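Summary of structural features
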Amino acid sequence: MTTKLSRLNDMNLAKIIAERNKTQTIIRYIADGVIVTAPKLSILVINSSAENWFNLDEKKVLNRPLTDFIQEPKLANLISDATKTGRRVLPAVEITVKGNRSWKSRILQARAARVQQDKGELVGIVTILRDVTQQKEIDKMKTELVSMVAHELRSPLTSISGFSELLLDSD
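First things first, this report covers the structure right here in the doc. Everything quoted here is computed from the prediction, not taken from an experiment.

Helix and strand content of the protein chain: five helices and five strands. Radius of gyration (C-alpha) of the protein chain: 27 Å, far over the 16 Å computed for a compact globule of 171 residues. Each principal axis of the C-alpha atoms in the protein chain carries an extent, and together these give about 115 × 35 × 35 Å. Looking at the protein chain residue by residue over its 171 residues, the buried ones come to 25%. Sequence-distant contacts, at least 24 apart, represent 42% of the contacts inside the protein chain between residues at least 6 apart. Side-chain charges of the protein chain comprise 26 positive and 20 negative groups, with the mean position of each set lying 13 Å from the other.

Another aspect to go through is the environment of Leu 122. When you line up the elements, Leu 122 lands in strand β5 (residues 122-131). The buried category is assigned to Leu 122, whose relative accessible area is 17%. Residues Leu 122 and Ile 46 lie 76 residues apart in sequence; the distance between their C-alpha atoms is 19 Å. Leave out the neighbours within four places in its chain, and Leu 122 touches Pro 39, Thr 83, Arg 114, Val 115 and Gln 116.

Moving on to unusual backbone geometry. Even without being glycine, Leu 41 reaches a positive phi, approximately 70°. Note that Leu 41 resides in the loop between β1 (33-37) and β2 (43-46).

Taken in spatial order, the five strands line up as β2-β1-β5-β4-β3 in an open sheet, and their pairing is antiparallel. Edge positions in the open sheet fall to β2 and β3 (93-97), since each of these has one partner strand only. Averaged over all pairs of adjacent strands, the angle between their axes in this sheet comes to 25°, without regard to strand direction. In terms of strand pairing, strand β4 (residues 106-116) meets β5 through nine bridges, oriented antiparallel. When the bridges of β5 are listed, Leu 108 appears paired with Asp 131. The sheet contacts of helix α5 (residues 133-168) involve β3, β4 and β5, and relative to β4 the element is tilted by about 135°.

Once the charged atoms of two side chains with opposite charge are near each other, the side chains can pair. Following the criterion strictly, the structure yields seven salt bridges and no others. We note a salt bridge from Glu 19 to Lys 22, for which the minimum N-O separation is 3.3 Å. One end of the pair, Glu 19, and the other, Lys 22, are both in helix α1 (residues 2-29), three residues apart, so they sit about a helical turn from each other. Take Lys 22: its relative accessible area is 45%, and that puts it in the partly exposed class. Glu 51 is paired through a salt bridge with Arg 28; the nearest N and O atoms lie 2.7 Å apart. Residue Glu 51 is found in helix α2 (residues 48-54), and its partner Arg 28 is found in helix α1; the two are separated by 23 residues along the sequence.

About the cut-offs
- Residues numbered from 1 in each chain as written.
- Predicted model: local features only at pLDDT ≥ 70, side-chain atom pairs only at ≥ 80, totals over all residues.
- Heavy atoms only, no water.
- Helix = DSSP H or I, 4+ residues; strand = E, 2+ residues; numbered from the N terminus.
- Rg over C-alpha atoms; globule rule 2.2 N^0.38 Å.
- Buried < 20%, exposed > 50% of the residue type's maximum accessible area, 1.4 Å probe, protein only.
- Contact = heavy atoms within 4.5 Å.
- Lys, Arg positive; Asp, Glu negative; His and termini not counted.
- Charge placed at Lys NZ, Arg CZ, Asp CG, Glu CD.
- Pairing = 2+ DSSP bridges.
- Axes fitted to C-alpha atoms, helices over the stretch in contact; angles between N-to-C directions.
- Salt bridge = Lys/Arg side-chain N within 4 Å of Asp/Glu carboxyl O.

Shown next as structure tokens:
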């Protein structure tokens, strides 16, 4: 009986470890940035995308205060507000970061959500950072195109209108 219980315990432990490794691999290599903080705002998990955007090293930041490494006030305030508010998901904020590994600034959309136990006790804060730089550039290009087309159409119409007024004038 004890041998069977020991074997079942080992099997359950192996399943738990396998699930943990699978989850860590998914979080590590997901394209969006992920930062998980404890209720006291120490960093519990950070993935490679967030490391690149904020020029951090996971080994140096784990279990250390978030504010020691993240200098972006909007992001720090979002995560801090998530610990204080009763709302499970907070509205998104946009931040601009410039990493040392890139010459170009990135626009990130940050969303924070509370992780709670069944009884509502706060376990941590999960913050997802999505790179929206390309969408912002496309929106800017659309606006510039519409402005340019409107200007190009307006210029000849003004000339035509002026000449037609001259033709209608009896003098």
